[in-house]
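Residue-level structure breakdown
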Amino acid sequence: MENFDLLALQQTLAESTAGAVVRKVLPATDPDARGILFKLDGPGARWLLLSPGPLYPTILPLASSRKPDAPAEAPSPFLMLLRKYLEGARINALRKVRLERIFLLETEKTMSGGVKTPSTLVIELTGKSSVLALIDREGNVLGSNRQPSGRLLSGAPYSPPRRAPGREKIDPFAAGPGGEQRDELEAYLKTC
């Protein structure tokens, strides 16, 4: 999915997930064995699919009330981590990082003793390098579904994927009449 598609999706998802509570965290089954399903309680979608698969990385609301098939294998350590921090957590916000194919699912869970624990699930929908990472309130990685080049090590500060020099993005919203990137956009369009 491209940025404009993701912007529209973000608006829809933000409305349907705001205030919802994550009741269950389950692995998705075939054809997307890498995906994660959230059973939501509250307004909007009943299920939320997070798919970091290389072919079709996406985040989608699913309206089905049918319980998904149970997977045959034991849950992964990352799935267990998501269950610990996200089952019973209230979704405060779902937002998209500007100009990036990255979503932030901000949650807060009341742990034993009444301590409120915020955490954020980072959903990077970047094609082959797509990844899910859970970060704490200080921005440190609690865990991820995979380790792209050692970037998402547990306990280290979260850092988004880096761009190669010369591959910076032009913000179309800042490139309109009087926009700060207008000249860059016009120069780029001449090369196409």
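What counts, and where the lines are drawn
Residues numbered from 1 in each chain as written. Predicted model: local features only at pLDDT ≥ 70, side-chain atom pairs only at ≥ 80, totals over all residues. Heavy atoms only, no water. Helix = DSSP H or I, 4+ residues; strand = E, 2+ residues; numbered from the N terminus. Buried < 20%, exposed > 50% of the residue type's maximum accessible area, 1.4 Å probe, protein only. Contact = heavy atoms within 4.5 Å. Areas by Shrake-Rupley, 256 points an atom, 1.4 Å probe, with all protein chains shown as cover. Pairing = 2+ DSSP bridges. Arc of directions from axis to C-beta. Salt bridge = Lys/Arg side-chain N within 4 Å of Asp/Glu carboxyl O. Core = buried A, V, L, I, M, F, W, Y, C linked by side-chain atoms within 4.5 Å.

In terms of regular secondary structure, the protein is built from three helices and nine strands. Reading the protein from its N end, one meets helices and strands in the order α-β-β-β-β-α-β-β-β-β-β-α. Relative to its 192 residues, the protein shows a buried fraction of 40%. Of the contacts made within the protein by residues no fewer than 6 positions apart, 38% connect residues no fewer than 24 positions apart. Just so you have it, the protein exposes about 11100 Å², and 54% of that area is on carbon and sulfur atoms.

In this structure, strand β3 (residues 47-51) lies alongside strand β4 (residues 58-62), joined through five bridges in antiparallel fashion. Its bridge partner being in β4, L48 is matched across the sheet by P61. Taken together, β3 and the strand that follows it, β4, pair antiparallel across an intervening segment of six residues.

Turning our attention to helix α2 (residues 77-86). Within the span of α2, buried status applies to F78, L79, L81, L82, Y85 and L86. Projected down its long axis, α2 carries its buried residues within an arc of 155°, all on one side. Elements in contact with the buried residues of α2: β1 (21-27), β2 (36-41), β6 (102-110), β7 (116-124), β8 (131-136) and β9 (141-144). Downstream of α2 by one or two residues, G88 has phi in the positive range, about 90°.

Here we come to the pattern of salt bridges. Two side chains of opposite charge can pair, provided their charged atoms sit close to one another. The final tally for this structure, using the stated rule, is four salt bridges. The partner of R95 in a salt bridge is E106, with the nearest N and O atoms 2.7 Å apart. On the criterion of sequence distance, the pair formed by R95 in strand β5 (residues 90-96) and E106 in strand β6 is long-range, its members being eleven residues apart. Residue classification places E106 among the partly exposed positions, given a relative accessible area of 22%.

What follows concerns the environment of A89. Residue placement: A89 occurs in the loop between α2 and β5. C-alpha separation for the pair A89 and K109, spaced 20 residues apart in sequence, amounts to 4.2 Å. Not counting residues within four places of it along the chain, the set of residues in contact with A89 comprises A20, V21, V22, T107, E108 and K109.

Note that P148 resides in the loop between β9 and α3 (182-191). P148 gets classed as buried once you look at its relative accessible area, which sits at 13%.

A few words now on the nonpolar core. By size, the foremost hydrophobic cluster in this structure holds 27 residues, and its most contacted members are F38, I59, L121 and I123. With six residues, α2 is the largest single contributor of residues to this core. Leave out the neighbours within four places in its chain, and L121 touches F38, L50, F78, L82, L86, F103, L104, L105, L132, A133 and L134. Core analysis: the next-biggest nonpolar cluster, separate from the first, contains nine residues, L104, V131, A133 and Y158 among them.

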